[in-house]
There are 4 protein chains.
Amino acid sequence: MTELAAAKAALKTQAVETPSWAYGNSGTRFKVFAQQGVPRTPFEKLDDAAKVHEFTGVAPTVALHIPWDRVDDYAALAKHAEQRGVKLGAINSNTFQDDDYKLGSICHPEASVRRKAVDHLLECVDIMDATGSADLKLWFADGTNYPGQDDIRGRQDRLAEGLAEVYERLGDGQRMLLEYKFFEPAFYTTDVPDWGTAYAHCLKLGPKAQVVVDTGHHAPGTNIEFIVATLLREEKLGGFDFNSRFYADDDLMVGAADPFQLFRIMYEVVRGGGLSADVAFMLDQCHNIEAKIPAIIRSVMNVQEATAKALLVDGDALKAAQRGGDVLEANAVVMDAYNTDVRPLLREVREEMGLDPDPIAAYRRSGWGERIVAERVGGQQAGWGA
Amino acid sequence: MTELAAAKAALKTQAVETPSWAYGNSGTRFKVFAQQGVPRTPFEKLDDAAKVHEFTGVAPTVALHIPWDRVDDYAALAKHAEQRGVKLGAINSNTFQDDDYKLGSICHPEASVRRKAVDHLLECVDIMDATGSADLKLWFADGTNYPGQDDIRGRQDRLAEGLAEVYERLGDGQRMLLEYKFFEPAFYTTDVPDWGTAYAHCLKLGPKAQVVVDTGHHAPGTNIEFIVATLLREEKLGGFDFNSRFYADDDLMVGAADPFQLFRIMYEVVRGGGLSADVAFMLDQCHNIEAKIPAIIRSVMNVQEATAKALLVDGDALKAAQRGGDVLEANAVVMDAYNTDVRPLLREVREEMGLDPDPIAAYRRSGWGERIVAERVGGQQAGWGA
Amino acid sequence: MTELAAAKAALKTQAVETPSWAYGNSGTRFKVFAQQGVPRTPFEKLDDAAKVHEFTGVAPTVALHIPWDRVDDYAALAKHAEQRGVKLGAINSNTFQDDDYKLGSICHPEASVRRKAVDHLLECVDIMDATGSADLKLWFADGTNYPGQDDIRGRQDRLAEGLAEVYERLGDGQRMLLEYKFFEPAFYTTDVPDWGTAYAHCLKLGPKAQVVVDTGHHAPGTNIEFIVATLLREEKLGGFDFNSRFYADDDLMVGAADPFQLFRIMYEVVRGGGLSADVAFMLDQCHNIEAKIPAIIRSVMNVQEATAKALLVDGDALKAAQRGGDVLEANAVVMDAYNTDVRPLLREVREEMGLDPDPIAAYRRSGWGERIVAERVGGQQAGWGA
Amino acid sequence: MTELAAAKAALKTQAVETPSWAYGNSGTRFKVFAQQGVPRTPFEKLDDAAKVHEFTGVAPTVALHIPWDRVDDYAALAKHAEQRGVKLGAINSNTFQDDDYKLGSICHPEASVRRKAVDHLLECVDIMDATGSADLKLWFADGTNYPGQDDIRGRQDRLAEGLAEVYERLGDGQRMLLEYKFFEPAFYTTDVPDWGTAYAHCLKLGPKAQVVVDTGHHAPGTNIEFIVATLLREEKLGGFDFNSRFYADDDLMVGAADPFQLFRIMYEVVRGGGLSADVAFMLDQCHNIEAKIPAIIRSVMNVQEATAKALLVDGDALKAAQRGGDVLEANAVVMDAYNTDVRPLLREVREEMGLDPDPIAAYRRSGWGERIVAERVGGQQAGWGA
């Protein structure tokens, strides 16, 4: 198989999971701007997600967020998804929206609150059993706002204890993906602030615990692709929460703020064997002011374009330049791939997959956007609170 | 008058304006944790603010936020304030919470939205006339999230035009204070992102337009006291929005994250004559997880302590060391003041003002906190949305 | 003229000034790695710079740095340049490498040191008269390392006084370009830390004083294209010092760290009329570990590629999308240009200019690199110290 | 023993190691400003370091840097130290100043360079055997400047291999302290950029490998005390390289930029048992413009003051407030200690140790500064290059 053929093959089997909550309303602390046609139920979110997969061909699964996507019958939800051509993906827990969690959840100073949080996580595993989801994605808003507010080390002990109980509950083929975040909503300490902390906990827990890299969760200037390369080398990279940012955790469309960084990340994924291995590629974004479904289609395409460029890097030429210490030539090999316009290649890939070569145009022609605006009247729009 | 006497005199006449909205509920995009006893009306906010002044003696005015503090009768509101020993302060506009403002307000691409925004600002000046407020504080959430979303330069033109119309409306003794902010809620461009932009606009508008420094609105590593010194030198420092931050615009209690920075800022204020001149010292904070009134009392005390230390810097010794190029000695003079425990001095100042030397303890003993929890039941708690 | 023809025309007349010092050795505080074949005299630097122009066609001028490029006969230097097809460009002053400047130069507490610094700047204008250079580029290492070390405001007064004296000395057709820098080598205050400070000084000095944007001299997260748009709107953008950075003032090849940012900057230049107006495009880089001449050729090409993409933005489509508030479409118009592979277009442009379409390959074939290694033996290699 | 007595006891036994290179000249890439009286030999550096210990009583050891402090007879050097009342401390390796290290040392693409680097590290262990030093401190300048320059993962493999060989060589009672650094001198990747990477390597190496926290080596906004608490909990905190910074790795006097941060760090040290355990407290600073010996005395005092404040935190009150979820009270307990002026306590401690209560004044009175200026004429001043 030629390199181009191999690249095409990889692009055709790529899978980007989209998050149910990205189809609902979101915003900043200043304002949530509601959009017309936004889903009102988990079922409607799946309908929208199915459209993204229909037009891109590479978004076959949908992440759920509990309790936002809590339903009485998860089997029915899974069936609804399958009928529309998608499957249920990772289960995301929520331990930050109850009043009890003001000072934390699994790290809270009071045992009763920790119990409640762990019970919620255990419930999420129950849901995984029902939905057939393989991954439990854990992000904790836990932390403190003021020096002295709580004992940093004590909170780590509580975190370790809670995670261990949940880890024990995981069944065969189930994983726990631990996400780290630099700051927000806590402003002094965050209990899992960096990859090192997540890694240290996962290491102690065992092989089913792995680290999730959210591309918006780092300090300014952090070299994310280095972390990706390191976690792959350590066999501890569980997946990505893709989005992009200019400042903090802006949750913009992946690839929108720094497409070169996304390319470098995808290059390390390819280099480290992460494309074929057990790494989950997920979006975690907020489309606060732009139309949601086309924004998610565009995001999926951005991941595809970065992947395509990463696959086009001439590995032999690169190795030769690196071994010879030719800084400019090695950089040129990488830049040559990055500067290539891969959109024609991706159009080809899509046509070979039986898709429209232009997913955005195809979505617009489909009339889905107008239809949901017309049909989804009344009810309670989905958002971060529901 | 000895230096200590002069310092005491300055501390007794210091005035820190507290913001009505800090008494209401606030939070992050993830969750607003409601607190018991929170005010339900602008009148109740003033009741709380009056307590802060009662126990600190240096918080005589209260900033209002329109429309959150909109009332039918501003004279009645002003009278209510005076009966409790405080006055109405700056009027803060809000051009970010209507659905129309999704893509901006005064910089919006559509003229009709800009009109609405400017009309709101003009209404705020009407309110100033009614309340006797001297300052119109303008912060704009305007900006864009994606490259290309709007024309950066065109938005500046619209901003200049809108500000000019409002400036013309200002009466004698009224000022326009323009606030800048690095990012949030916009994530690609912010239309007034730094002091330079605010300064350039204020310069063109005229002497009634001045810059407000919000201590949480800067890029990482920014030397804020340099900006303060520069704006004072340019006679363009209109005031402060005090708060503190470890990461972004965290809105923590002023002095909580970096008390040394607050001291350095206050030193430049003293050095530049800002303590006696027309600089407004305001708080702009969010007490998301801590009790609000004592947090505001603590914040006022933190400003006092930083001011006291700044006043204690031995100016003659400092000048001598600076002129002689003695780096260590010059630094030591400043550090000597900073390392001084000024709490005994402030207790003295308070006693001489007829106050309890310990405002927090006095507030706790007053029973106000319990009383508002008991009395303020029912109704709609104040928050950022109301 | 079609848009493509207009783009080509603009690309053919583009001019990027290369800095004499980039051809010499440079490094970090930890180590300067000397390279073979590095120039030993200002004349040899011009020989190398001429090669960059020979192969790119758009690097017709060379910036000098005084005293590193001090010669007895500037007319002879200018003639040497012209014989090789290039001209002398901006004169860069140096007020940071004499022992006297330990605590500053033009802002130093002692008048005698300030006098020396201003005299050096006046000497630079004399050299401009001799070389026919139009621009005096001023970057000051001035600042302080410790709080209290010197009086922030007093230093501004001294700065203003010194700049005014130099401004008066400027002749017709001569400009003063004032550069700002966030930090380094000073670590507490920098006397011109941001564009606002540079702008405020230039405004007072007059129309011959303009601001230089060094792309590596900003706080993390700063939106540089916003500053570019603002300075063009204020008619105060004098030029660029191009380079790129991941962290601080890394001085890497322009476009190497964030090519998308460079494109956005060039888009604002095009949008604001900066391409045809009096904006100087200069490189200011350090090739610490890579071969210098090809690195500079690559840097010039990177500027060309970013410019070509900026010129390809479909202005009408963009305006329509912006006016309609179509966030995704407006962003898509900009991204469409960015994602275009403009290398074929630039190859065409070069061929139409009578150049080799591949400047790097042509340079390599020329044997110049080998020749200078062979010929430049003995003598003192040029570096930051000479 | 009362709490105050316990605090005093801890302060009397505290030990801060000073680095030999801080007594020599240092600077930025722009300029090294030489100072009068600077040592010319390792022996003279020890003379200066002995003065710091003489006046502070808590700086009993001196870190060496190889090859800067290479001597023929290390036993003689150790004896010289002891005669002056100090001992030789950690051995610091240098794998960044030979021309061979342009593209790295232990991570270099070529095996021969890696061999040279590892041999140097092994030599350092030999020196440890000779000096009786317990700690080998490893900081690597290794990294890359451009994407693609070298293989990120391959470099980690080489790093692991090299470290393993050195680890094997360590004798009983000898440790390897691995330092991480965010960036500089490499500007794209750094091979040990964060605590997570250092921790992962140390974990694999074994118990003799531990992490060093240099307080200037983090991304903007990083919560260093969290890292300290975490490493202590993991029993992997080997020591500190103390200094302070406003921007990057500024290497200013510890406590000068953010004394509150230093206090918070020392609080976590105390909390985590790090004061009595096997944690090395070292300075790593550059006194570029200030007098070196008094700057180092001041730095040692700054560590003492932060430690004293940390020791004064009322642990019982803090625990009660934390358990009760009283955010303001918990913060107040910590701030009460921080706001205490501990200088009187430290004067007492010094007097009880038979020292002058004011080390700076005592040093000035000693005439040592004048004496070394007078005596150390001729020869080659020590600096980073020697």
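Chain A appears in an unreviewed UniProt entry as L-rhamnose isomerase from Streptomyces cahuitamycinicus.

Caption draft 1: Region of the structure containing the interface of chain B and chain C. Contact with chain B, which involves 53 residues of that partner, is made by 53 residues of chain C. Here chain B meets chain C over a buried area of about 4400 Å², counting both sides, of which 58% is carbon and sulfur. When the area that chain B buries against chain C is broken down by residue, the three leading residues are Arg153(B), Phe226(B) and Arg233(B), summing to 18%. The tally of links between chain B and chain C comes to six salt bridges. Linking Arg271(B) and Asp151(C) is a salt bridge whose minimum nitrogen-to-oxygen distance equals 2.6 Å. Listing elements by their share of the side of chain B that touches chain C, those giving two or more residues are helix H5 (152-169), strand E7 (189-190), helix H6 (195-205), helix H7 (224-233), helix H8 (259-271), helix H10 (315-323) and helix H11 (327-339) of chain B. Looking at the side of chain B that touches chain C, the element that brings in the most residues is H6(B), giving eight residues. When grouped by side-chain class, the residues that make up the side of chain B that touches chain C number 23 nonpolar, 16 polar and 14 charged.

Caption draft 2: Just the interface of chain D and chain B, in detail. Each side of the interface is counted separately: chain D has 30 residues, and chain B has 30 residues. Summed over both sides, the interface between chain D and chain B buries roughly 2300 Å², with carbon and sulfur atoms accounting for 53% of that surface. Looking only at chain D, the three residues that lose the most surface to chain B are Leu328(D), Asn339(D) and Arg343(D), adding up to 24% of its buried area. Counting the contacts that link chain D with chain B gives four salt bridges. Taken together, the links from chain D to chain B amount to three residue pairs in polar contact (both at pLDDT 80 or more). For the side of chain D that touches chain B, the secondary structure elements donating two or more residues are helix H8 (259-271), helix H9 (292-312) and helix H11 (327-339) of chain D. In terms of residue count, H11(D) provides more of the side of chain D that touches chain B than any other element does, seven residues in total. Residue classes in the side of chain D that touches chain B are distributed as 15 nonpolar, five polar and 10 charged.

Caption draft 3: Structural view of the nonpolar core. Within the largest apolar cluster, 380 residues are counted, with the highest numbers of intra-cluster contacts made by Phe240(A), Phe240(B), Phe240(C) and Phe240(D). One finds Phe183(A), Phe182(B), Ala248(B) and Ala229(D) within the second-largest nonpolar core, a separate group that totals 84 residues.

Caption draft 4: Inspection of the sheet that holds strand E9 (residues 237-242) of chain D at higher detail. Residues and elements named next belong to chain D. Read across the sheet, eight strands follow the order E1-E2-E3-E4-E6-E8-E9-E10 without closing on themselves; strand pairing throughout is parallel. Edge positions in the open sheet fall to strand E1 (18-19) and strand E10 (280-283), since each of these has one partner strand only. Relative to E9, strand E8 (residues 209-214) is paired through four bridges, and the arrangement is parallel. Bridged to Val213 within E9 is Phe240. The sheet strands contacting helix H4 (residues 111-131) are strand E3 (87-92), strand E4 (135-138) and strand E6 (175-179), and the helix crosses E4 at an angle near 150 degrees.

Caption draft 5: Examining the side chain of Ser20(C) more closely. Residues and elements named next belong to chain C. Looking at the secondary structure, you find Ser20 in the loop between strand E1 (18-19) and helix H2 (42-56). Side chain to side chain, Ser20 and Asp69 meet in a polar contact 2.4 Å long. Residues contacting Ser20, with those up to four places away along its chain left out, are Lys45, Val62, Ala63, Leu64, His65 and Asp69.

Caption draft 6: Quick look at the UniProt feature "domain: Xylose isomerase-like TIM barrel" (unreviewed entry) in chain A. When the UniProt feature table is mapped onto this chain, "domain: Xylose isomerase-like TIM barrel" (unreviewed entry) is found at residues 49-248 of chain A. The span residues 49-248 of chain A is 39% helical and 18% strand by assignment, and the distance between its end C-alpha atoms comes to 27 Å.

Caption draft 7: Broad picture of unusual backbone geometry. The linkage connecting Glu184(A) with the following residue, Pro185(A), adopts the cis geometry, with an omega of 10 degrees. When you line up the elements, Pro185(A) lands in the loop between strand E6 (175-179) and strand E7 (189-190). Here Ile66(B) and Pro67(B) are connected by a cis peptide whose omega angle stands at 20 degrees. Residue position: Pro67(B) is located in the loop between strand E2 (61-65) and helix H3 (74-83). Unlike most non-glycine residues, Asp251(A) shows phi in positive territory, near 60 degrees.

Reading the values: the criteria
- Residues numbered from 1 in each chain as written.
- Chains lettered and ligands numbered in written order.
- Predicted model: local features only at pLDDT ≥ 70, side-chain atom pairs only at ≥ 80, totals over all residues.
- Heavy atoms only, no water.
- Contact = heavy atoms within 4.5 Å.
- Buried area = accessible area lost by both parts, 1.4 Å probe.
- Salt bridge = Lys/Arg side-chain N within 4 Å of Asp/Glu carboxyl O.
- Helix = DSSP H or I, 4+ residues; strand = E, 2+ residues; numbered from the N terminus.
- Nonpolar A, V, L, I, M, F, W, Y, C, P; charged D, E, K, R; others polar.
- Polar contact = N/O pair within 3.5 Å; in protein donor to acceptor, adjacent residues only side chain to side chain.
- Core = buried A, V, L, I, M, F, W, Y, C linked by side-chain atoms within 4.5 Å.
- Buried < 20%, exposed > 50% of the residue type's maximum accessible area, 1.4 Å probe, protein only.
- Pairing = 2+ DSSP bridges.
- Axes fitted to C-alpha atoms, helices over the stretch in contact; angles between N-to-C directions.
- UniProt positions renumbered as here; feature names shortened; annotations may be inferred.

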